[in-house]
Amino acid sequence: MQRADFLITISLCMIVKNEESVLARCLESAKEIADEIIIVDTGSEDQTKNIAAAYTDHVYDEVWQENFSAARNQAFKRASMDYCMWLDADDVITEENRKKLIELKQTLDPDTDMVMMKYVVSEDQEGNPLFVYYRERLIRNGRGFLWEGRVHEAITPNGNVVYSDIAIYHRKTKVQDEYRNLRIYESMIKNKEALNERSQFYYGRELMTHGRHQEGIEVLEHFLEGNGWVENKIEACLNLARCYQKLGRHQDRVNALFKSFLYAAPRGEACFELGRYFQEREQWKEAVFWYETALRISPPTEGGGFIQWDYYGFLPEINLCVCYDKMGDQKKAYEYHKRAMARKPDEEAVKQNQEYFCALGLDEPIQNTGHMIK
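So, here is what we can say about the structure in this document.

Calculation notes
Residues numbered from 1 in each chain as written. Predicted model: local features only at pLDDT ≥ 70, side-chain atom pairs only at ≥ 80, totals over all residues. Heavy atoms only, no water. Helix = DSSP H or I, 4+ residues; strand = E, 2+ residues; numbered from the N terminus. Rg over C-alpha atoms; globule rule 2.2 N^0.38 Å. Buried < 20%, exposed > 50% of the residue type's maximum accessible area, 1.4 Å probe, protein only. Areas by Shrake-Rupley, 256 points an atom, 1.4 Å probe, with all protein chains shown as cover. Salt bridge = Lys/Arg side-chain N within 4 Å of Asp/Glu carboxyl O. Pairing = 2+ DSSP bridges. Core = buried A, V, L, I, M, F, W, Y, C linked by side-chain atoms within 4.5 Å. Contact = heavy atoms within 4.5 Å. Axes fitted to C-alpha atoms, helices over the stretch in contact; angles between N-to-C directions. Parallel < 35°, antiparallel > 145°, perpendicular 65-115°, else oblique. Left-handed = near helix turned anticlockwise from the far one by under 90°. Phe/Tyr/Trp six-rings, centres within 6.5 Å; stacked < 30°, edge-to-face > 60°. Lys NZ or Arg CZ within 6 Å of the ring centre and 35° of its normal. Nonpolar A, V, L, I, M, F, W, Y, C, P; charged D, E, K, R; others polar. Expected span 1.5 Å × (residues − 1). Arc of directions from axis to C-beta.

1. As for the overall build of the protein chain
Thinking step 1. Of regular secondary structure, the protein chain possesses 14 helices and nine strands.
Thinking step 2. Taking 21 Å as the expected radius of gyration for a compact globule of 374 residues, we find that the protein chain reaches 23 Å, a close match to that expectation.
Thinking step 3. Of all 374 residues assigned to the protein chain, the portion counted as buried reaches 52%.
Thinking step 4. Carbon together with sulfur atoms contributes 46% to the accessible area of the protein chain, which is approximately 17,700 Å² in total.

Dropping the structure here:
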């Protein structure tokens, strides 16, 4: 990046409702990098607004219209700084990432339209990211960018886009209304409101999540016929495979996984699932091929798609341990056990495998070399 002639300023723009349990945690982590904090409350009945008022004078009421984009656009509309930054109330900026953000404010080229940052939405017990993808996080103010979509709202990346290694952590502390998004989509359908391709993808995923697998298949197959985003198409294939598996349609499951290869180079998630398919059928050599393929693949970290990191490391390794053991190659099995144990020594399955290999006399010390996105 080029060094800016001036320090950019940031408006932190948030929409909240009944977030008293997490809002202070979020704002404490963000107040050092925000030059302005704007809170749009969509109907809190707890202490959320009082907590927000301790951090900013810019707290506004907005009637909830079952439309996340409308609410976020209201927050952005009130911003007065160079860039708008969004967070959810259960997001956290860690100390390391705060330092990176402060440095970014000093070095960002002011002609930048958008900064994409990693969004860590799932972690394991050691804090290693499991599910990561890029989101538009800093958006240049005054250039006409708008949120779109009632649910899973987004701003389409456009203009001069920069990818940063800064990570925002999504750390839920309570169970949300699990049917909210599904209700919104079905309300749109009932009111004959057309679903764009992004909404079709997420509606299909909601149907899958709620066990409505046949309906999910129909929606996702229809989505794949359109011109949706490539990363969503790849994820749709993975979701289709899960739906077909639940319905016992295993040939369709395999076809859906292979179909994901039509949109981009094979991903670790699809290769792992192919390995699992063959492992379930005790076709050990075929399973080994796909698990080892998953390990050879480098995840597309700047593609914007969902990345499940365990599919590129721990999960293929621990399953390769099983496959090689079943094939009678305990030495190779132990090698993969060591690799899996180095990543996650406290996993129950790893501990059980260690007991097994100790009984075989294979119990040399293992060093933890696990990776972490910080």
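Still to come is the rest of the account.
2. Digging into the environment of Phe272
Thinking step 1. For Phe272, the position within the fold is in helix 10 (residues 268-280).
Thinking step 2. When its relative accessible area of 5% is taken as the criterion, Phe272 is described as buried.

3. Considering the pattern of salt bridges
Thinking step 1. Throughout the structure, instances matching the rule amount to 29 salt bridges.
Thinking step 2. Among the salt bridges present, the one from Asp91 reaches Arg137, with a minimum N-O distance of 4.0 Å. One end of the pair, Asp91, is in strand 5 (residues 91-92); the other, Arg137, is in strand 7 (residues 129-140), with 46 residues separating them in the sequence.
Thinking step 3. Looking at Asp91, the relative accessible area reads 0%, which means it is buried.
Thinking step 4. Judged by relative accessible area, which is 0%, Arg137 ranks as buried.
Thinking step 5. Taken together, the shared-partner salt bridges in this structure form one network comprising Glu32, Glu95 and Arg98.

4. Here's the deal with the pairing of strand 6 (residues 114-123)
Thinking step 1. Most of strand 6 is tucked away, with seven of its 10 residues classed as buried.
Thinking step 2. Where strand 6 meets strand 7, nine bridges bridge the pair, whose relative direction is antiparallel. When the bridges of strand 7 are listed, Met117 appears paired with Arg135.
Thinking step 3. The antiparallel pairing of strand 6 with strand 7 creates a hairpin that spans five residues between the two strands, and Gly127 there sits at a positive phi of about 85°.
Thinking step 4. Examined bridge by bridge, strand 6 and strand 8 (residues 161-170) share six bridges and lie parallel to one another. In the strand pairing of strand 8, Lys118 is matched with Ala167.

5. Let's talk about the nonpolar core
One broad trend across soluble globular proteins is that nonpolar side chains are buried collectively.
Thinking step 1. In this structure, Leu12, Met14, Met85 and Leu87 are the most contacted members of the largest nonpolar core, which totals 106 residues.
Thinking step 2. Setting aside anything within four residues of it in sequence, one finds Met85 in contact with Ile10, Ser11, Leu12, Cys13, Ile33, Ile93, Leu101, Arg137, Leu138 and Ile168.
Thinking step 3. Membership of the second largest hydrophobic core comes to five residues, among which are Phe314, Ala340, Met341 and Val350.

6. Points about the packing of helix 6 (residues 197-209) against helix 7 (residues 213-224)
Thinking step 1. Two elements in contact, helix 6 and helix 7, have axes separated by 8 Å at closest approach and are oriented at 160°. Relative to helix 7, helix 6 is oriented roughly antiparallel. Pair helix 6 / helix 7 crosses with left-handed handedness. Where helix 6 approaches helix 7, its residues Glu197, Gln200, Phe201, Tyr203, Gly204, Arg205, Leu207 and Met208 are matched on the opposing element by His213, Glu215, Gly216, Val219, Leu220, His222 and Phe223.

7. A word on the pairing of strand 4 (residues 83-86)
Thinking step 1. The two faces of strand 4 match: Tyr83 and Met85 on one face and Cys84 and Trp86 on the other face are all buried.
Thinking step 2. Two elements, strand 1 (residues 10-16) and strand 4, share four bridges in a ladder whose sense is parallel. When the bridges of strand 4 are listed, Ser11 appears paired with Cys84.
Thinking step 3. Pairing analysis gives three bridges linking strand 4 to strand 7, with the strands arranged antiparallel. Within strand 7, the residue paired with Tyr83 across the bridge is Arg140.

8. Concerning the packing of aromatic side chains
Thinking step 1. A full pass over the atoms with the stated rule returns 22 aromatic pairs.
Thinking step 2. Between the aromatic rings of Tyr133 and Phe306, the centroid separation amounts to 4.7 Å while the plane-to-plane angle is 75°, which identifies the pairing as edge-to-face. With Tyr133 in strand 7 and Phe306 in the loop between helix 11 (284-296) and strand 9 (307-308), the pair connects residues that are 173 residues apart, well separated along the chain.
Thinking step 3. Judged by relative accessible area, Phe306 falls into the buried class, the value being 15%.
Thinking step 4. Over the aromatic face of Trp147 sits the side chain of Arg72, whose NZ or CZ is 5.4 Å from the ring centroid.
Thinking step 5. In this structure, Lys332 is placed above the aromatic ring of Tyr324, and the distance from its NZ or CZ to the ring centre is 6.0 Å.

9. Some details on the packing of helix 12 (residues 314-326) against helix 14 (residues 348-359)
Thinking step 1. Where helix 12 meets helix 14, the axes come as close as 12 Å, and the angle between the chain directions of the two elements is 30°. The two elements helix 12 and helix 14 cross, and the hand of that crossing is left-handed. Counted together, Phe314, Ile318, Cys321 and Asp325 of helix 12 and Ala349, Val350, Asn353, Tyr356 and Phe357 of helix 14 form the full contact between these two elements.
Thinking step 2. Among the residues making up the contact of helix 12 with helix 14, the classes are represented as seven nonpolar, one polar and one charged.

10. Things to note about helix 14
Thinking step 1. Across its 12 residues, helix 14 extends 17 Å between first and last C-alpha, which sits within 8% of the 16 Å expected from 1.5 Å per residue.
Thinking step 2. Residues Val350, Asn353, Gln354 and Phe357 constitute the buried set of helix 14. Looking straight down helix 14, one finds its buried side chains confined to an arc of 105°; they lie on one side. Exposed residues pointing more than 90 degrees away from the buried face of helix 14 are listed as Glu355 and Ala359.
Thinking step 3. Check the buried side of helix 14 and you find it contacts helix 12 and helix 13 (330-343).
Thinking step 4. Two residues or fewer after helix 14 comes Gly361, characterised by a positive phi angle close to 85°.

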